[in-house]
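What follows is the residue order along each chain.
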Amino acid sequence: MGIHMQVIIALLLGIKRNGHIFIGLLLGIIVGCFLPKVDYPTVYNVLSFVGTAFINTIQMVVLPLVVSAIIIGISNIGDSKQLTKLGSKMIFYYAIITVLAVIIAIAVAMIMQPGLSAKGLITHDVAASVQGYVTSALEYQKDNMVQIFLDLIPKNPFEALSTGKMIPIIIFTTVFAVALSKAGDISRPLVSIFESIFAATMKITDWIMYLAAPGVFALTACAVSTCGVGVFNNISKYIIAVILALAIQFFAVYPLIMKIFSKVPVGKLYSAITEAIMVAFGTASSSATLPLTITCCEKRGISNRVCSFVLPLGATLNMDGTAIMQVVAVLFMCQMYGIEVSLLLIAEIAFLAIVASSTSAGIPGAGMITIALILNGVGLTPEQLVLGFSLLFAVERFVDMFRTICNVTSDCVVAAMIADNENELNYELLCNEVQKGNA
Ligand code: ASP
């Protein structure tokens, strides 16, 4: 049986196990199509209330979970040789996945040329409605690259914690955790406290997952009813190009990488993480999905040591799905405005997409803000940007749901491969059908 068939069957099995979430998702799409926001604002408000309550509830545990997971993960690794080994392996795998994502996105966008069919669609009315959004994107773009990197180092870690800036938080926590692991026995009581915090947040995650079906239903319905069905006709080629590139990444690249670098059974892993994949689709947020991503991976045999180190870092830094969207979107705009796409420009877009996606937070719409970093290098005027954004923004949430699936799946793929390489993957748990009900 072909690898993509194995993946599809695994996903179907996973969906069967988590049928309630899948039904929520389907119902959300149907309700969203039939009750558009413009005609049924009250229904939309109720759905938006339920969806936002669900996201807020998950986000409530993200911060304590990320901080405690990284501290436990790094202190469990112990000596610095091990830490360097795991860290470099993680960076190596994340880098391969993102580079391949960018190459696929370029190939798909250059072959399909989605921007050509969008020429002439741009109206000034639509453009005016996203002016504010573009202004903030351009504001971001004004900061040069050096400043963007400098901003990642938190001057005040407590301020970063209180404002929920994930990358600075992760940088501080990682440094702090390494220091704790070097401090010897004296750090043990503090690490124990974080172990308790981690256990408690995982318990809360279990409880929150009872709300997953209504939450995913409400979020999906809101997203579909906001976009409206009509908008899809306008730039359907862009949407198809992004989803096609994401599908190649999901069905071909991840399985191939797993085959080359590990003996992880692809179908079993996909089946184990289907619940996280569906929640990623519904929430469009890797950070919000993180508690569930960790639960799925740990319950199905990936060691706590690997999960708590690789997954929180991945949920913030590894954004291959976002990189795919950014490359296709930028090439879409170039084609729409007839900008000549030279090899040099493609290389520049590829490099900037890797940087921009890695600096995107794991929240809905983050990739649409950091895309400004890439557009800076392309030479579009602010007016052209407003017009281009107005089209992309109309389908942004919809596209975001798909790319977040890749962002979350690749984190799990890397965690599984590292666990396999380190002999920390319990194959019995991963392959045992009986355990699936618990995942
Ligand atoms: N929503 C994506 C995520 O959370 C980030 C983005 O591409 O906007 O992974």
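The following refers to the structure shown.

1. Digging into the overall build of the protein chain
Phase 1: Assigned secondary structure in the protein chain consists of 24 helices and zero strands.
Phase 2: Out of the 439 residues in the protein chain, the part that is buried amounts to 55%.
Phase 3: Across the protein chain, the fraction of contacts at a sequence separation of at least 24, relative to all contacts at a separation of at least 6, is 87%.
Phase 4: When the accessible surface of the protein chain is summed, it comes to about 17,900 Å², and 69% of that surface belongs to carbon and sulfur atoms.

2. Notes on helix 4 (residues 80–112)
Phase 1: With 33 residues, helix 4 should reach 48 Å at 1.5 Å per residue; the first-to-last C-alpha distance of 47 Å fits that figure.
Phase 2: Positive backbone phi, approximately 45°, marks Q113, located one or two places after helix 4.

3. Concerning the packing of helix 13 (residues 236–261) against helix 22 (residues 396–421)
Phase 1: The N-to-C vectors of helix 13 and helix 22 enclose an angle of 5°; their axes lie 10 Å apart at closest approach. Relative to helix 22, the element helix 13 is oriented roughly parallel. Residue-level contacts link Y238, I239, V242, I243, L246, Q249, F250, Y254, I257, M258 and F261 of helix 13 to F398, V399, F402, R403, I405, C406, T409, S410, V413, M417, D420 and N421 of helix 22.

4. Side note on the packing of aromatic side chains
Phase 1: Counted by the stated rule, this structure contains 10 aromatic pairs.
Phase 2: Their ring planes at 25° and their centres at 5.8 Å tell us that F172 and F176 sit as a pair that is stacked. Of the two residues, F172 and F176 both sit in helix 9 (residues 166–182), four residues apart, roughly one turn of that helix.
Phase 3: Using a relative accessible area of 35% as the deciding quantity, one classes F172 as partly exposed.
Phase 4: Given a relative accessible area of 33%, F176 falls into the partly exposed group.
Phase 5: Geometrically, the ring pair formed by F250 and F251 is edge-to-face, given 5.0 Å between the ring centres and 75° between the ring planes.
Phase 6: A relative accessible area of 7% places F250 in the buried class.
Phase 7: For F251, a relative accessible area of 27% puts it in the partly exposed group.
Phase 8: Every member of this aromatic cluster is reached through a ring pair, and the members are F250, F251, Y254 and Y270.
Phase 9: Positioned over the ring face of Y44 is K37, at 4.6 Å from the centre of the ring.

5. Describing the site of the ligand
Phase 1: Around the ligand sit 16 residues in total, of which S286, T322, G367, D400 and R403 are the nearest.
Phase 2: For the ligand, whose free accessible area comes to 270 Å², the fraction covered by protein is 100%.
Phase 3: When each cavity is represented as a set of grid points, the ligand is found to reside in the largest cavity.
Phase 4: Those elements that provide at least two residues to the shell around the ligand are helix 20 (366–375) and helix 22.
Phase 5: At four residues, helix 22 tops the list of elements feeding residues into the shell around the ligand.
Phase 6: Here the shell around the ligand is built from residues that sort into six nonpolar, eight polar and two charged.

6. A word on a nonpolar patch on the surface
Phase 1: Residues M5, I8, I9, L12 and L13 make up a contiguous nonpolar surface patch of about 400 Å² in total accessible area.
Phase 2: With respect to the helices and strands, I9 occurs in helix 1 (residues 3–17).

7. Section: unusual backbone geometry
Phase 1: A positive phi angle, near 45°, is found at Q113, a position not held by glycine.
Phase 2: Among the structural elements, Q113 can be located in the loop between helix 4 and helix 5 (124–129).
Phase 3: Even without being a glycine, N423 presents a positive backbone phi close to 60°.
Phase 4: In this fold, N423 is placed in the loop between helix 22 and helix 23 (427–431).
Phase 5: By relative accessible area, N423 is classed as exposed at 68%.

8. Describing the layout of surface pockets
Phase 1: Of the pockets and cavities examined, the largest pocket occupies roughly 820 Å³.
Phase 2: Along the wall of the largest pocket there are 31 residues; nearest its centre are G164, K165, M166, I167 and P168.
Phase 3: At the level of secondary structure, the elements contributing two or more residues to the lining of the largest pocket comprise helix 3 (41–77), helix 7 (145–150), helix 8 (157–163), helix 9 and helix 20.
Phase 4: Grouping the constituent residues of the lining of the largest pocket by class yields 17 nonpolar, 10 polar and four charged.

9. Digging into the environment of M90
Phase 1: When you line up the elements, M90 lands in helix 4.
Phase 2: Given a relative accessible area of 6%, M90 falls into the buried group.
Phase 3: Expressed as a C-alpha distance, the spacing of M90 and D411, which sit 321 residues apart in the sequence, is 9.7 Å.
Phase 4: Not counting residues within four places of it along the chain, the set of residues in contact with M90 comprises F309, V310, L313 and I418.

10. A short note on the side chain of R403
Phase 1: Here R403 shows up in helix 22.
Phase 2: By relative accessible area, R403 is classed as buried at 1%.
Phase 3: Here E396 takes part through its side chain, which lies 2.7 Å from a polar atom of the side chain of R403.
Phase 4: Once residues within four sequence positions are removed from consideration, R403 is found in contact with L246, G321, T322, M325, G365, G367, M368 and E396.

Cut-off values and rules
Residues numbered from 1 in each chain as written. Predicted model: local features only at pLDDT ≥ 70, side-chain atom pairs only at ≥ 80, totals over all residues. Heavy atoms only, no water. Helix = DSSP H or I, 4+ residues; strand = E, 2+ residues; numbered from the N terminus. Buried < 20%, exposed > 50% of the residue type's maximum accessible area, 1.4 Å probe, protein only. Contact = heavy atoms within 4.5 Å. Areas by Shrake-Rupley, 256 points an atom, 1.4 Å probe, with all protein chains shown as cover. Expected span 1.5 Å × (residues − 1). Axes fitted to C-alpha atoms, helices over the stretch in contact; angles between N-to-C directions. Parallel < 35°, antiparallel > 145°, perpendicular 65-115°, else oblique. Phe/Tyr/Trp six-rings, centres within 6.5 Å; stacked < 30°, edge-to-face > 60°. Lys NZ or Arg CZ within 6 Å of the ring centre and 35° of its normal. Near = heavy atom within 4 Å. 1 Å grid on protein atoms, 1.4 Å probe; cavity = no way out; pocket = protein on both sides within 12 Å on 5 of 7 lines; lining within 4 Å. Sits in = over half its atoms within 2 Å of the grid points. Nonpolar A, V, L, I, M, F, W, Y, C, P; charged D, E, K, R; others polar. Patch = residues over 30% accessible without salt bridge, like charges linked within 9 Å, V, L, I, M, F, W, Y side chains within 5 Å. Salt bridge = Lys/Arg side-chain N within 4 Å of Asp/Glu carboxyl O. Points joined across faces, edges and corners; volume = space filled by probe spheres on them. Polar contact = N/O pair within 3.5 Å; in protein donor to acceptor, adjacent residues only side chain to side chain.

Interpretation in functional terms is not warranted from these geometric data alone.
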